[in-house]
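# Notes for the structure review
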Amino acid sequence: MSLLALLLGFATKGQLALPQLVPSMAIQRKASWVVERAFNSFTHVEALALEGQYNDEVELLQPDGQFDHVVQSGQEVYSHLSWSSTGRLLTFESSNAGGHSPLTSSGVWIVNFDGKGLRRLTLPAPYSRFSLRFRRWLGPARVEVVALNQTGPLYYVYDYANNSMTLAGGSP
């Protein structure tokens, strides 16, 4: 790719000019800062974690540079964007910026690549109030998360297809 193509935000492939995703689009549109980006090489959709003046957001950006969908918006900090191996699902974390206990202030979310089907992952009772952190993808629709516990970490596997959470390791 030429330096001119990089500066203009275009990549050439044969005779076809393909638009590239430019982080300043988000800044110009919403007066927000792009905190984190995750590109989906299968669907060419990019997930952006934005920090705004009043609300932070997770948004999906289409290949043509148009914002397609606000996945989540609120007064939390969004981070750790991660696409599944097939590019069908996106996970991200939310954290309470108010300085509350780390045991109860963060969560993991999962959503389809088109922005539909948003789910907040929670543990079964009596641990449903514990914070979750994304650990890794275990396949195209299974996620390993870790819960912070006073006695040590608890590892759980979430299965998107069955909407189920199973203890994988650690001692409750």
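Reading the values: rules and limits
Residues numbered from 1 in each chain as written. Predicted model: local features only at pLDDT ≥ 70, side-chain atom pairs only at ≥ 80, totals over all residues. Heavy atoms only, no water. Pairing = 2+ DSSP bridges. Helix = DSSP H or I, 4+ residues; strand = E, 2+ residues; numbered from the N terminus. Axes fitted to C-alpha atoms, helices over the stretch in contact; angles between N-to-C directions. Salt bridge = Lys/Arg side-chain N within 4 Å of Asp/Glu carboxyl O. Buried < 20%, exposed > 50% of the residue type's maximum accessible area, 1.4 Å probe, protein only.

It is worth spelling out the sheet that holds strand β11 (residues 132-137) at this point. One open sheet holds the four strands; their spatial order is β11-β12-β13-β14, and the pairing between them is antiparallel. Here the strands that pair on one side only, and so sit at the sheet edges, are β11 and β14 (164-169). Averaged over all adjacent pairs, the angle separating strand axes in this sheet is 30°, with direction ignored. Across six bridges, the pairing between strand β12 (residues 142-147) and strand β13 (residues 154-159) is antiparallel. Its bridge partner being in β13, Glu-144 is matched across the sheet by Val-157.

Applying the stated criterion across every chain, the model contains four salt bridges. Taking the shortest distance from any N to any O, the salt bridge between Arg-136 and Glu-144 comes out at 2.5 Å. A relative accessible area of 42% places Arg-136 in the partly exposed class. Each of Arg-135, Arg-136 and Glu-144 takes part in salt bridges that share partners, so that together they form one network.

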